[in-house]
Amino acid sequence: MPLVTTKEMFKKAYEGGYAIGAFNINNLEILQGVVRGAKAKNSPVILQCSTSALKYAGPKYLRAMVEAAAEETGIDIALHLDHGPDLEAVKLAIASGFTSVMFDGSHYDFEENVRRTKEVVEYAHAHGVVVEAELGVLAGVEDDVVAAEHVYTDPDQAVEFVERTGCDSLAIAIGTSHGAFKFPPDYEPQLRFDILEEIQRKLPNFPIVLHGASAVDPETVEMCNKYGGNIANAKGIPVEMLRKAASMAVCKINMDTDLRLAMTAAIRKVFAENPAEFDPRKYLGAGRDAIQKVVEYKIEHVLGSANRL
Ligand SMILES: O=C(CO)COP(=O)(O)O
Ligand SMILES: O=C[C@H](O)COP(=O)(O)O
Ligand SMILES: [Zn+2]
Ligand SMILES: [Zn+2]
């Protein structure tokens, strides 16, 4: 099974009122946990690598492992560059066999974002690769950039941006945020569904992407802490909100933090209960199983992408 782009996936997801999970991968166990989860639920999946993941594992290793996963499972898999910072990163990903790229120009002003995104779109489309762009800024940490406040996406600007750049999907800011600390402890989580609705109305049939969409399950955080961790005040996006977004124009939901937390909790448990253990397969295997469970849960209860192959 060759790797696919997200074009067909998004078309079907939009029409079917569900979303595709985009999970970040950095190594073999994370990759296997994700694809085993997707395979078990008969769901398409997007595997995404940040530039730091490419640096950590190497683009050739990642591509080879992902191709092996597609061949072994037979499910639809797209390999996506997450938060590509510039055309160079995009070129490297495309040369490495990625089928989809994100160019994240959200920290530039509107005109500069349009100009750079357009350049990426022209290059990627000439190579048969689709492009996710971003408009609006998520509060919190993103790569090396820290934003104190959300800059919510302006729906009229979104229309102009999509028309002028020719991007294939658009990541928007409606209140999600990267990492495990998305809201202050005493703050009631909320998303700007009014903005999503307006964008959906003004850009019919256009796939929207949500970054920073981990739910940060309190039980998983508690398990990390029970077995020696120290993670305070973690908070994510409530599952019902994500499910609602998936039923609307959101076709891609990005999750990384939830995989990290699940894997860490499982590994901590192995070490805490078996201090003499030193076979990496025992703890990495437990981490892999935990990731599979998270992915199955997301597909079933958040994304709605089970049995959509
Ligand atoms: O958006 C993400 C990757 O691009 C991941 O978001 P989380 O940190 O909420 O998992
Ligand atoms: O949005 C960022 C992803 O969670 C990837 O994070 P990373 O750059 O640490 O690999
Ligand atoms: Zn961004
Ligand atoms: Zn992101």
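Predicted model, so just to flag it, every value in this text is computed and none were measured.

## Things to note about the overall build of the protein chain
Here is step 1: Looking only at helices and strands, the protein chain features 12 helices and 10 strands.
Here is step 2: The C-alpha radius of gyration of the protein chain comes to 18 Å, within 12% of the 19 Å expected for a compact globule of 309 residues.
Here is step 3: Referenced to the eigenvectors of the C-alpha coordinate spread, the extents of the protein chain come out at roughly 60 × 45 × 35 Å.
Here is step 4: Taken across its 309 residues, the protein chain has 50% of its residues classed as buried.

## Topic: the UniProt feature "binding site: Zn(2+) 2" (unreviewed entry) in the protein chain
Here is step 1: Mapped onto this numbering, the UniProt entry annotates "binding site: Zn(2+) 2" (unreviewed entry) at D104 and E134. These residues run over 31 residues, yet every pair of their C-alpha atoms falls within 5.5 Å of each other.
Here is step 2: Tracing the sequence through the fold places D104 in the loop between β4 (100–103) and α6 (110–126).
Here is step 3: Given 24 C-beta atoms within 10 Å, D104 falls into the buried group.
Here is step 4: Looking at the secondary structure, you find E134 in strand β5 (residues 130–135).
Here is step 5: Residue contacts for E134: discarding those within four places in its chain leaves D104, G105, S106 and A171.

## Considerations on the site of ligand 2
Here is step 1: If you check the shell around ligand 2, you find N24, S50, S52, A53, D82, H83, H178 and D256 and nothing else.
Here is step 2: Contributing elements (two or more residues each) for the shell around ligand 2: α3 (51–57) and β3 (77–84).

## Regarding the UniProt feature "active site" (unreviewed entry) in the protein chain
Here is step 1: UniProt annotation of "active site" (unreviewed entry) refers to D82 when read in the numbering used here.
Here is step 2: Tracing the backbone through its elements, the reader meets D82 in strand β3.
Here is step 3: Ignoring sequence-local partners within four residues, the contact set of D82 consists of N24, Q48, C49, S50 and M102.

## What to know about the packing of helix α2 (residues 28–40) against helix α12 (residues 280–303)
Here is step 1: Contact geometry for α2 and α12: axes closest at 7 Å, N-to-C directions at 40°. Remark: the crossing between α2 and α12 carries right-handed chirality. Taken together, the residues of α12 that come into contact with α2 (itself represented by E29, I30, Q32, G33, V34, R36, G37, A38 and A40) are L284, G287, R288, I291, Q292, V295, E296 and I299.
Here is step 2: Here the contact of α2 with α12 is built from residues that sort into eight nonpolar, five polar and four charged.

## As for the confidence of the model for the protein chain
Segments scoring low in pLDDT should not have their predicted coordinates read at a detailed level.
Here is step 1: Confidence along the protein chain averages 97 in pLDDT terms, with 100% of residues attaining 70 or more.
Here is step 2: No element of the protein chain has a lower mean pLDDT than strand β7 (residues 145–147), at 78, and none a higher one than strand β1 (residues 20–24), at 99.

## A word on unusual backbone geometry
Here is step 1: Even without a glycine there, the phi angle at N42 is positive, about 55°.
Here is step 2: The topology assignment puts N42 in the loop between α2 and β2 (45–50).
Here is step 3: In this model, H83 sits at a positive phi of 55°, which is unusual for a non-glycine residue.
Here is step 4: Following the sequence through the fold, H83 ends up in strand β3.

## A look at the environment of T165
Here is step 1: Along the polypeptide, T165 turns up in helix α7 (residues 155–165).
Here is step 2: Not counting residues within four places of it along the chain, the set of residues in contact with T165 comprises V114, T117, K118, V121 and A133.

## Side note on the pairing of strand β10 (residues 250–255)
Here is step 1: Along β10, six of the six residues are buried, which leaves the element largely enclosed by surrounding structure.
Here is step 2: Bridging between β1 and β10 involves four bridges; their strand directions are parallel. The partner of G21 across the bridge, within β10, is I253.
Here is step 3: Relative to β10, strand β9 (residues 208–210) runs parallel, the two being bridged by three bridges.

## Section: the pairing of β3
Here is step 1: The buried fraction of β3 is high, at eight of eight residues.
Here is step 2: Examined bridge by bridge, β3 and β4 share three bridges and lie parallel to one another. Bridge pairing links H80 to S100 in β4.
Here is step 3: With respect to chirality, the unit in which β3 leads through helix α5 (residues 87–95) into the neighbouring parallel β4 is right-handed.

## Digging into the site of ligand 1
Here is step 1: For ligand 1, the set of nearby residues contains 14 residues, the closest of which are H211, S214, N254, D256 and T257.
Here is step 2: Listed by contribution, the elements that provide at least two residues to the shell around ligand 1 are β3, β10 and α11 (257–273).
Here is step 3: Looking at side-chain class alone, the shell around ligand 1 contains two nonpolar, nine polar and three charged residues.

## Some words on the packing of helix α10 (residues 239–247) against α12
For any two helices packed against each other, the geometry is given by the interaxial angle and the distance between the axes.
Here is step 1: Where α10 meets α12, the closest approach of the two axes is 8 Å, and the angle between their N-to-C directions is 70°. Considering the angle they form, α10 stands roughly perpendicular to α12. In this structure, α10 uses V239, L242, R243 and A246 to contact α12, whose residues at the interface are H301, V302 and L303.
Here is step 2: A class-by-class count of the residues in the contact of α10 with α12 yields five nonpolar, one polar and one charged.

What counts, and where the lines are drawn
- Residues numbered from 1 in each chain as written.
- Chains lettered and ligands numbered in written order.
- Predicted model: local features only at pLDDT ≥ 70, side-chain atom pairs only at ≥ 80, totals over all residues.
- Helix = DSSP H or I, 4+ residues; strand = E, 2+ residues; numbered from the N terminus.
- Rg over C-alpha atoms; globule rule 2.2 N^0.38 Å.
- Buried ≥ 20, exposed ≤ 12 C-beta atoms within 10 Å, placed from the backbone.
- UniProt positions renumbered as here; feature names shortened; annotations may be inferred.
- Contact = placed C-beta atoms within 7 Å.
- Near = placed C-beta within 6 Å.
- Axes fitted to C-alpha atoms, helices over the stretch in contact; angles between N-to-C directions.
- Left-handed = near helix turned anticlockwise from the far one by under 90°.
- Nonpolar A, V, L, I, M, F, W, Y, C, P; charged D, E, K, R; others polar.
- pLDDT = per-residue confidence, 0-100.
- Pairing = 2+ DSSP bridges.
- Right-handed = clockwise from strand over helix to strand, strands pointing away.
- Parallel < 35°, antiparallel > 145°, perpendicular 65-115°, else oblique.

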